[in-house]
Amino acid sequence: MNLHEYQSKALLKKSGVNVPLGSVAFTPDEAVKVAESVIEATGTDVIAVKAQIHAGGRGKGGGVKIAKSTEEVRRYAHDIIGMRLVTHQTGPKGKLVGKVLVEQGIYQPGPAEVKEFYISILLDRSTSRNIVVYSPQGGMDIEAVASQSPQLIFKEEINPLGLQPYQARKIAFNLGLTGKAYSQMVKFLANLYNTYEANDFSLLEINPVVKTSDDDIYAADAKCTVDDSALFRHPDIAGQRDLDEEEPAEVEAGKNNLNFVKLDGNVGCMVNGAGLAMATMDIIKLSGGEPANFLDVGGSANAKTVAAGFRIILKDPNVRVILINIFGGIVRCDRVAQGVVEAYREIGNIPVPVIVRLQGTNALEGRKLIDQSGLRVYTATSFQEAANLVKEMVEKQAF
């Protein structure tokens, strides 16, 4: 589950991480009220107005503005709220902005130079340990830094006991900090890691971390992703889920206990088991098609889950063929076949051909049920046979 920047910063602040003073606003009037309270509390004359969507690159797309008066705050909030913001992460359709974060500007001139850093915490699956990835080159895409200046990307593997003080000092040193900024960064890192652990994040990315002209350390931006499997431990966070920011088909799949990820292809997939789903997507590619989704119906496929899967797949106008690939281990193939037939009849008109490959328990009975149904459903026994049917149907449905 992804969090908005303002939600992420609220959790960071709760753990003692320095974040700019501010709040979310849903209208220009609310934005002005927030700005006035920030100006009164901090004495600053610079206010940041930032679009709140689940995507990076907001500044380049016009979703982040710096105001120097409440009049400018109102104007920028009016322009941003309701706009369709297009960034390199949203795709050409962009995302509709429904709210802005209005907060204190921290890039003020002063006795020391303002600097930006990159810091993220995530799980390294190759070692089953958390790592801190950091760089003195903050404020830009970390992929660009890795490509252009790989020597400026540092990694610190974290012991299961947690981030150790010597590691925080090492990171602060590698970032080139001294004096007050060094001490602030050590404290900042400890609190940052505590936030990551306490909230079961799978990713915590701060880009940039800002050292102000007064040598204070702030999280100027924040991207946090919570492990979905741990949300039951955090009902307060789960309640902040913004469904408007998620793919509607994936939201519907979640309601039906289906594991679904939308892709950009033309062959819809419905499979039981994640590993088999990956192999199915491979064979679709090898047959000349492109998978339109990842859909795992799990080990208890029945008429209800199959019907839900059909509906979700058919919402994608790019789908030209549907491949159902079932291995009957826990689940019986004849039960799945009956579910396919019932779901097909319940939905009514399925405008694309459906290929069903059944293998395992009661596979022969399952294929017989489908073959005798009189529906526009084609059965296959082997992977190769399914691949040949996919290729044939894709070519017939090409346009």
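Here we summarise the structure given alongside this text. Being a predicted model, the structure only gives us computed values, none of them experimental. (Residues numbered from 1 in each chain as written. Predicted model: local features only at pLDDT ≥ 70, side-chain atom pairs only at ≥ 80, totals over all residues. Heavy atoms only, no water.)

**Things to note about the sheet that holds strand E6 (residues 100-104)**
In spatial order, the strands read E1-E6-E2-E3; together these four strands make up an open sheet with antiparallel pairing. Taken across any chain shown, the strands that pair with only one partner, and hence form the sheet edges, are strand E1 (22-25) and strand E3 (64-67). Shown here is a sheet whose adjacent strand axes are inclined to one another by a mean of 20°, direction ignored. Bridge count for strand E2 (residues 47-51) against E3 is four bridges, and the pairing is antiparallel. Counterpart to Lys50 in the pairing with E3 is Val64. Along the sheet face, helix H1 (residues 5-14) touches E1, E2 and E6 and points at about 45° away from the line of E6. Together, E2, E3 and E6 form the strand contacts of helix H3 (residues 70-80), whose direction differs from that of E3 by roughly 165°. (Pairing = 2+ DSSP bridges. Helix = DSSP H or I, 4+ residues; strand = E, 2+ residues; numbered from the N terminus. Axes fitted to C-alpha atoms, helices over the stretch in contact; angles between N-to-C directions. Contact = heavy atoms within 4.5 Å.)

**As for the nonpolar core**
Core analysis: the biggest nonpolar cluster contains 37 residues, and Leu12, Ile119, Met185, Phe188 and Leu192 have the highest contact counts within it. Among the elements of the structure, H1, strand E7 (115-124), strand E8 (129-135), helix H5 (165-174), helix H6 (179-198), strand E10 (201-211), strand E11 (217-219) and strand E12 (223-226) are those that each provide at least two residues to this core. Top element by residues in this core is H6. It accounts for eight residues. Contact partners of Leu12, with chain neighbours within four places excluded, come to Val17, Val19, Leu192, Thr195, Leu204, Ile206, Ala219 and Ala222. Ala253, Ala307, Ile322 and Ala343 belong to the second-largest nonpolar core, a separate cluster that totals 34 residues. (Core = buried A, V, L, I, M, F, W, Y, C linked by side-chain atoms within 4.5 Å. Buried < 20%, exposed > 50% of the residue type's maximum accessible area, 1.4 Å probe, protein only.)

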